[in-house]
Amino acid sequence: MEEFNRHKLLTRKEAADFLGVKEITLAIWKSTKRHELPVVKVGRLAKYRYGDLLEFVDRRTVNRPTHMNDH
């Protein structure tokens, strides 16, 4: 996916594609508050800020390699 402005609003489909999940999964996460993934309401539409998606992925990244200088 091309690099977007962190404030760019993505549709639920675009956000689902970015995360590799189905649109319904994002809808369920929102309604059950399963994950802290902010949703921007634009009328009846749910939009996702690109920067929030990046942070969501970052918070869930495990087993990060340590830098050699950190030893």
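Residues numbered from 1 in each chain as written. Predicted model: local features only at pLDDT ≥ 70, side-chain atom pairs only at ≥ 80, totals over all residues. Heavy atoms only, no water.

A. Representation of the confidence of the model for the chain in the model. Mean pLDDT for the chain: 89, with 87% of residues reaching 70 or above. Mean pLDDT across the elements of the chain ranges from a minimum in helix 2 (residues 23-32), with 94, to a maximum in helix 1 (residues 12-19), with 97. (pLDDT = per-residue confidence, 0-100. Helix = DSSP H or I, 4+ residues; strand = E, 2+ residues; numbered from the N terminus.)

B. The arrangement of the packing of helix 1 against helix 3 (residues 50-59) in detail. Their axes nearest at 11 Å, the elements helix 1 and helix 3 cross at an angle of 30 degrees. Considering the angle they form, helix 1 stands roughly parallel to helix 3. Remark: the crossing between helix 1 and helix 3 carries right-handed chirality. Residues A15, F18 and L19 of helix 1 touch helix 3, and the partners they reach there are Y50, L53, L54, F56 and V57. Along the lines of polarity and charge, the residues of the contact of helix 1 with helix 3 split into eight nonpolar, no polar and no charged. (Axes fitted to C-alpha atoms, helices over the stretch in contact; angles between N-to-C directions. Parallel < 35°, antiparallel > 145°, perpendicular 65-115°, else oblique. Left-handed = near helix turned anticlockwise from the far one by under 90°. Contact = heavy atoms within 4.5 Å. Nonpolar A, V, L, I, M, F, W, Y, C, P; charged D, E, K, R; others polar.)

C. Quick peek at the pattern of salt bridges. Under the criterion given, the structure shown has three salt bridges. Between D17 and K13 there is a salt bridge; the shortest N-O distance is 3.2 Å. A residue pair is termed a helical-turn pair when its members lie 3 or 4 positions apart in one helix, as D17 and K13 do in helix 1 at four residues. The partner of R49 in a salt bridge is D52, and the shortest N-O contact between them spans 3.1 Å. Judged by relative accessible area, D52 falls into the buried class, the value being 13%. (Salt bridge = Lys/Arg side-chain N within 4 Å of Asp/Glu carboxyl O. Buried < 20%, exposed > 50% of the residue type's maximum accessible area, 1.4 Å probe, protein only.)

D. Structural context of the sheet that holds strand 2 (residues 40-42). Taken in spatial order, the three strands of this open sheet run 1-3-2, and their pairing is antiparallel. Of all strands in the sheet, those with a lone pairing partner are strand 1 (9-10) and strand 2, marking the two edges. The sheet contact formed by strand 1 and strand 3 (residues 45-49) spans two bridges and is antiparallel. Considered in strand 3, the bridge of L9 is made with R49. Contacting strand 1 and strand 3, helix 3 crosses the sheet at an angle of about 65 degrees to strand 3. (Pairing = 2+ DSSP bridges.)

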